[in-house]
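# Structural features, examined
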Amino acid sequence: MTIDRKFGMAPGGFESVEKFVEKYRAICEPDQVFWCDGSEDEKKFLLQQAVSAGVLEPLNQDILPGCYYHRSNPNDVARVEQCTYICTPSREDAGPTNNWAAPRDMYEKLHGLLRSSMRGRTMYVVPYLMGPPGSPLRMVGIELTDSIYVVLNMRIMSRMGRVALEQLTGKGDFNRGVHCTLNLDPAQRFICHFPQDNAIISVGSGYGGNVLLGKKCLALRIGSSLGRQQGWLAEHMLLLSVESPTGDKTYVAAAFPSACGKTNFSMMIPPASFEGWKVKTIGDDIAWMRPGKDGRLWAINPEAGYFGVAPGTNFATNPNAMRSIQSDTIYTNVAVTPNGDVWWEGKDGPVPENLTDWKGNPWTPQSLEKAAHPNSRFTAPMQNNPALAPEVNHPDGVPISAIIFGGRRATTMPLVFQSFNWIHGVYLGATMASETTAAAAGELGKVRRDPMAMLPFCGYHMGDYFNHWLNIRRELNDPPRIFHVNWFRKGKDGSFLWPGYGENFRVLKWVIDRCRGRAPARETAIGWMPRFNEFDWQGLPFAKSQWDELMQYDAAEWRRELLWQEEFLLTVHDRLPKELIFQRELLISRL
Ligand code: SAT
Ligand code: MN
């Protein structure tokens, strides 16, 4: 069945959309082209198609209305950094932290792989909008894909369909995205970015971060590159608001690497003792931020849904996420119960006696393998979140008071400290490190440098990126305060020193009180730190000795840390801003 455009197009820009679609129709030779309009009827139709093709399985509609299940190919369960390329004219512009290929060579290789690749298949044209309609930071993308799973996920993760075409400006400046599943052979898996053409081509994968092109590819890799040219920041950050009992609101952005708790932090519920305090979610993964006319840094969430890690999510760790995934959610690679419910390691309640695991095999509690893949995911619309902040739809976004950087570190890094100023804060972000997680293919639990949680997502030279951060400061007369946190420090017995989750509100409150000049702190060699008695401990018995262990910075550990930071900084040394070298010197002399 061929479905024609069934809606009127925005006046400008459209001709170039049609040309783009025609170009790749001719290359990929699909049997039909399906233009998505984002309507409810279309959703119903696509869901039916996906179920009859076996791409989605309906879950138990009494328990999980509107929810569906997808099992991926077992070789295709995470982002693949070794297959991800930045194709700039010169290798230096991509920098040492990215894979690089010459645009001409890569286009040739990819067009070769795409040739006739959609024969017998449908090419879906997915217009999507990143950001609230009318936002000065909004961006339109057109993703061509042969995957109905991608279409249905993009429908949740972005503002998809007619609304996107209506936001085309007429200059044809939309992101050109092409995704083709091919045969999922990892040897033919390439996720390629062409910043100078505002284009992305992704082949050989069906996994979220590789194929939902609005997310990591456009919103971060292409976005960061455009942001550098245009004077804004595309960051791997959650956004939240904190409302005090007297009604004042403070907006916070926080960068943690993938699968380190951004979704949990952005949906946090304060402990019961903090009566009248409310946390609301603006975004859980990506922030676009620009200096406003008032000299503050303003941020929007470009996305419209959550692509969150399922394992470990439960009513204790993240009640708002649990409520967000009860309806209209797509589950990928979790386990399924005999009555069509979903399950994963760390879900509430007893472990079921019988499951079908993420590979489709029978599973019992005696099984040696995990029932859900550690990077199994839910895709849920943000409207489902009971704690959604209404500001999420404001075109100008929200003014940011604090930026928090954090990694997963068993040692060295204390629970929280504040930078002395913006440049020191940029240094903290630039030297961040974290243990690797299942969100990317490769070794787990290995500490690696992950500057600003952007190592896999910065679309240009990391040294230029640090410089861009320093330049942004010149546009701000009220810059956000910058903090560093670590929820994951372990004691000598190997157990976590900090309870985390909702208790992180105590740290968040200190951060906000610092921004508002309401909290004292102690000046230390590494930054401003709270004293034990400066924390609000209501409702949480916490020993001073444990606090001391959690907050200490050990001279020997920090010497090692500094050498190791240096090792990373050397890799970007040719474009490393002098300011950061001075910060390092200052830190050494303070220590
Ligand atoms: O899989 S995604 O890349 O979308 C999530 C993440 O790794 O941050
Ligand atoms: Mn992410």
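Quick caveat: nothing in here was measured; it's all calculated off a predicted structure. (Residues numbered from 1 in each chain as written. Chains lettered and ligands numbered in written order. Predicted model: local features only at pLDDT ≥ 70, side-chain atom pairs only at ≥ 80, totals over all residues. Heavy atoms only, no water.)

## Examining empty space enclosed by the protein
Going through the model one piece at a time under the given rule, you end up with two cavities of 30 Å³ or more. In this structure, the largest cavity encloses a volume near 110 Å³. Considering the residues around the largest cavity, the lining is formed by 15 residues, among which Met413, Leu428, Thr431, His484 and Gln565 are closest to the centre. Breaking the lining of the largest cavity down by element, the ones donating at least two residues are helix 11 (422–430) and helix 15 (555–571). Looking at the lining of the largest cavity residue by residue, the classes come out as nine nonpolar, four polar and two charged. Estimated volume of the second largest cavity: approximately 30 Å³. Lining of the second largest cavity is provided by Phe256, Cys260, Gly406, Gly407, Val485, Asn486, Trp487 and Phe488. Its residues assigned to classes, the lining of the second largest cavity shows five nonpolar, three polar and no charged. (1 Å grid on protein atoms, 1.4 Å probe; cavity = no way out; pocket = protein on both sides within 12 Å on 5 of 7 lines; lining within 4 Å. Points joined across faces, edges and corners; volume = space filled by probe spheres on them. Helix = DSSP H or I, 4+ residues; strand = E, 2+ residues; numbered from the N terminus. Nonpolar A, V, L, I, M, F, W, Y, C, P; charged D, E, K, R; others polar.)

## A short note on the pairing of strand 10 (residues 190–194)
Judged by how many residues are buried, strand 10 sits mostly within the fold: five of five residues are covered. Taking every second residue as pointing to the same face, both faces of strand 10 are buried, with Phe190, Cys192 and Phe194 on one and Ile191 and His193 on the other. Two strands pair when backbone bridges link them, and strand 4 (residues 84–86) and strand 10 are joined in this way by three bridges, in the parallel orientation. Across the sheet, residue tyrosine 85 finds its bridge partner in strand 10, namely cysteine 192. (Buried < 20%, exposed > 50% of the residue type's maximum accessible area, 1.4 Å probe, protein only. Pairing = 2+ DSSP bridges.)

## Re the coordination of the manganese ion (ligand 2)
Here the manganese ion (ligand 2) is held by Lys216 (NZ), His236 (NE2) and Asp285 (OD), and the distances to it run 2.0 to 2.2 Å. For the manganese ion (ligand 2), the single-chain donor residues occur in sequence as K-x19-H-x48-D. Here aspartate 285 lies in the loop between strand 15 (278–283) and strand 16 (287–291) and lysine 216 lies in helix 8 (residues 214–230), a separation of 69 residues in the sequence. There is no split in this pair, since lysine 216 and aspartate 285 are both buried. (Donors = N, O, S within 2.8 Å, 3.2 Å for Na, K, Ca; no water.)

## Notes on the layout of surface pockets
Of the pockets and cavities examined, the largest pocket occupies roughly 1,000 Å³. Lining the largest pocket are 45 residues, with Ala259, Cys260, Gly261, Val309 and Arg408 sitting closest to its centre. Residue assignment for the lining of the largest pocket shows that the elements contributing at least two residues are helix 8, helix 9 (262–266), strand 18 (305–309) and strand 24 (377–381). Here the residues of the lining of the largest pocket are counted per class, giving 19 nonpolar, 16 polar and ten charged.

## Let's talk about the domain arrangement of the chain
Interface extent is often summarised as the accessible area lost during association of the parts. Split by domain assignment, the chain resolves into domain 1 (3–64 + 81–230), domain 2 (235–305 + 390–590) and domain 3 (308–381). Relative placement of domain 1 and domain 2: their C-alpha centres are 32 Å apart. Contact with domain 1, which involves 34 residues of that partner, is made by 35 residues of domain 2. Carbon and sulfur atoms supply 57% of the area that domain 1 and domain 2 bury against each other, a total of about 3,000 Å² over both sides. There are six salt bridges connecting domain 1 and domain 2. (Domains from an automatic or database assignment. Contact = heavy atoms within 4.5 Å. Buried area = accessible area lost by both parts, 1.4 Å probe. Salt bridge = Lys/Arg side-chain N within 4 Å of Asp/Glu carboxyl O.)

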